[in-house]
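Chain and residue survey
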Number of protein chains: 2
Amino acid sequence: MNAAPASARNDKPAVVAAAMRVLAESGLPGLSMRRIADELDVQVSALYWHFPNKQALLAAVSAQIVGSGSVPDEMDAAARALRDRLLAHQDGAEIVSSSLALGLLELPARTALVAAARQAGLTDAAAEVAADTIVHYVIGYTFHEQQRLHAAVVGAADASVDLVPDAAGERRGDFDAGLAMIVAGVQASVAVS
Amino acid sequence: MNAAPASARNDKPAVVAAAMRVLAESGLPGLSMRRIADELDVQVSALYWHFPNKQALLAAVSAQIVGSGSVPDEMDAAARALRDRLLAHQDGAEIVSSSLALGLLELPARTALVAAARQAGLTDAAAEVAADTIVHYVIGYTFHEQQRLHAAVVGAADASVDLVPDAAGERRGDFDAGLAMIVAGVQASVAVS
DNA sequence: ACCTGAACACCGTTCAAGT
DNA sequence: ACCTGAACACCGTTCAAGT
């Protein structure tokens, strides 16, 4: 009953893999159903056998981006792990953001953040708020950063020098500084409750 | 020299006003150049006399959304004022987010936040980080919230009951709770520096 | 189970030409 | 100064039909 079919065609993971390749090459603006179909040497309509619509396909891409492995159990480490995942793919933050908002994606990092906040002494409800606050910050910050990269590419000879100062160096510092403020606030909220 | 022209045609503010009407009626997905042109009884190509491209038009819409008036000078009040502006327009957070990331928009609330953070005792650099952290949180949170509204409209008979619990009530509380954590963290960072 | 081919109803942008 | 008309190169989605 597990006999290999006569002609091996595409399955869901193959479609997602093709989408990841297109994303790496052309970013989110280039990630059209037609480009993905081309990558598989297939008609566009074939994709709709595997996924009901583009958003569902993007949700599968998002799941690939954020991964399913384990996440560090400290708050700042978990936040940075999420950020690194997003940064590892072009427009990663934007894709994940929309899948998340549509309720089509589970975030392993969020689960880890809730646990860490609880361990720090927050009530269950406060831990959820803290986790969401940090997730919003990470995604918002990284989204903004990745879109600036786009703008910089478009306006090559632009005065965008001061917008993207020394590339990764300073930005990582700012991200960490902001994150530290939030984490401090979360810990401070234990005293209040 | 200020004589009224024979036939009064459209100017930039009129185009922006038309775009705001379309946005109110159909949201960001419906905000196409063609729909805006229709609203003005004009050909699409006419819009390109007023704006070089759609992003520039969206930046003008964003400026209208965030306003130019004065902003409360306390940190949490300034953050809530920004949030209220975004919530007052369909997909306000998404539109503003992309204009901001592209460097096409000034945020009055950000200026107020920097000033408030400085007054709280932060260094100039730390005050900028604090302001950006809060702005990212506000936009990220509101973006997420507004996209859920979309999803709820699309899946009317859905099990989206637990995703949008009691509408505004609980959400406002969660937003404020998260904001309070960040503000506490910002104030805590004064001791460190 | 997976795909083709063709169509539908859209997009943003450009450009010569008009008044 | 502001607009028309037509075109270009795209989109996501649907659907009957094939193997």
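As recorded in an unreviewed UniProt entry, chain A goes by TetR family transcriptional regulator and comes from Microbacterium aerolatum.

Right, let's get into the side chain of Asp 91 of chain A. All names here are of chain A. The topology assignment puts Asp 91 in the loop between α5 (75–87) and α6 (92–101). Looking at Asp 91, its side chain comes within polar contact range of the main-chain nitrogen of Leu 28, at 2.8 Å. In contact with Asp 91, not counting residues within four places along its chain, are Gly 27, Leu 28, Pro 29, Gln 146 and His 150.

Next up on the list: the packing of helix α1 (residues 12–30) of chain B against helix α4 (residues 54–66) of chain B. All names here are of chain B. For the pair α1 and α4, interaxial distance at closest approach is 10 Å and the crossing angle is 75 degrees. It follows from the interaxial angle that α1 and α4 lie roughly perpendicular. Contacts between α1 and α4 involve Val 15, Val 16, Ala 19, Met 20 and Leu 23 from the first element and Leu 57, Ala 60, Val 61, Gln 64 and Ile 65 from the second. For the contact of α1 with α4, the per-class residue count stands at 9 nonpolar, 1 polar and no charged.

Residues and elements named next belong to chain A. Here helix α4 (residues 54–66) crosses α6 at 120 degrees, and the two axes come no closer than 9 Å. Taken together, the axis directions place α4 and α6 in an arrangement best described as oblique. Handedness of the crossing formed by α4 with α6: left-handed. Residues Gln 55, Leu 58, Ala 59, Val 61, Ser 62, Ile 65 and Val 66 of α4 touch α6, and the partners they reach there are Gly 92, Ile 95, Val 96, Ser 98 and Ser 99. Residue classes in the contact of α4 with α6 are distributed as 7 nonpolar, 5 polar and no charged.

It is worth spelling out the environment of Glu 106 of chain A at this point. Locating Glu 106 of chain A in the fold gives a position in the loop between α6 and α7 (108–119). Spatially, the C-alpha atom of Glu 106 of chain A lies 9.9 Å from that of Gly 67 of chain A, the residues being 39 residues apart in sequence.

With an axial shift of 0.0 Å and an RMSD of 0.0 Å, the rotation relating chain B to chain A amounts to 180 degrees. Each copy turns onto its partner about a two-fold axis. Minimal C-alpha distance to the rotation axis in chain B is attained by Gly 185 of chain B, lying at 1.7 Å. Same-surface contact between copies: 100% of interface residues of chain B are shared with the interface of chain A.

Now for the domain arrangement of chain A. Residues and elements named next belong to chain A. One can read the domain layout of chain A as domain 1 (1–52) and domain 2 (69–191). Of all residues in domain 1, Met 20, Leu 23 and Leu 28 bury the most surface against domain 2, accounting for 68% of the area lost on that side. Across the domain 1-domain 2 interface, the total number found is 2 residue pairs in polar contact (both at pLDDT 80 or more). Partitioned by chemical class, the residues of the side of domain 1 that touches domain 2 number 5 nonpolar, 2 polar and 1 charged.

Often, the extent of an interface is quoted as the loss of accessible area upon association of its parts. Contacts between the two partners involve 29 residues from chain B and, on the opposite side, 29 residues from chain A. Across the chain B to chain A interface the summed buried area is about 2,300 Å²; carbon plus sulfur atoms make up 72%. The largest per-residue losses of area from chain B upon contact with chain A belong to Ala 101, His 136 and Met 181 of chain B, which jointly make up 28% of the total buried on that side. For the pair chain B and chain A, the number of links is 0 salt bridges. The tally of links between chain B and chain A comes to 4 residue pairs in polar contact (both at pLDDT 80 or more). The set of elements that each furnish at least two residues to the side of chain B that touches chain A consists of α6 (92–101), α8 (124–154) and α9 (168–192) of chain B.

Glancing now at the protein's contact with DNA strand C. Taken together, 18 residues surround DNA strand C, and among them Gln 43, Ser 45 and His 50 of chain A together with Arg 34 and Lys 54 of chain B come closest. A distance of 3.1 Å separates a phosphate oxygen of DNA strand C from a polar backbone atom of Met 33 of chain B. Between DNA strand C and Lys 54 of chain B, the relevant distance is 2.7 Å, taken from a phosphate oxygen to a side-chain nitrogen or oxygen of the residue. For the surface near DNA strand C, the secondary-structure elements that each account for two or more residues are α3 (47–50) of chain A together with α2 (33–39) and α3 (44–50) of chain B. The element best represented in the surface near DNA strand C is α3 of chain B, accounting for 3 residues.

Conventions used here
- Residues numbered from 1 in each chain as written.
- Chains lettered and ligands numbered in written order.
- Predicted model: local features only at pLDDT ≥ 70, side-chain atom pairs only at ≥ 80, totals over all residues.
- Heavy atoms only, no water.
- Helix = DSSP H or I, 4+ residues; strand = E, 2+ residues; numbered from the N terminus.
- Polar contact = N/O pair within 3.5 Å; in protein donor to acceptor, adjacent residues only side chain to side chain.
- Contact = heavy atoms within 4.5 Å.
- Axes fitted to C-alpha atoms, helices over the stretch in contact; angles between N-to-C directions.
- Parallel < 35°, antiparallel > 145°, perpendicular 65-115°, else oblique.
- Nonpolar A, V, L, I, M, F, W, Y, C, P; charged D, E, K, R; others polar.
- Left-handed = near helix turned anticlockwise from the far one by under 90°.
- Least-squares fit on C-alpha atoms with pLDDT ≥ 70 in both.
- Domains from an automatic or database assignment.
- Buried area = accessible area lost by both parts, 1.4 Å probe.
- Salt bridge = Lys/Arg side-chain N within 4 Å of Asp/Glu carboxyl O.
- Near = heavy atom within 4 Å.

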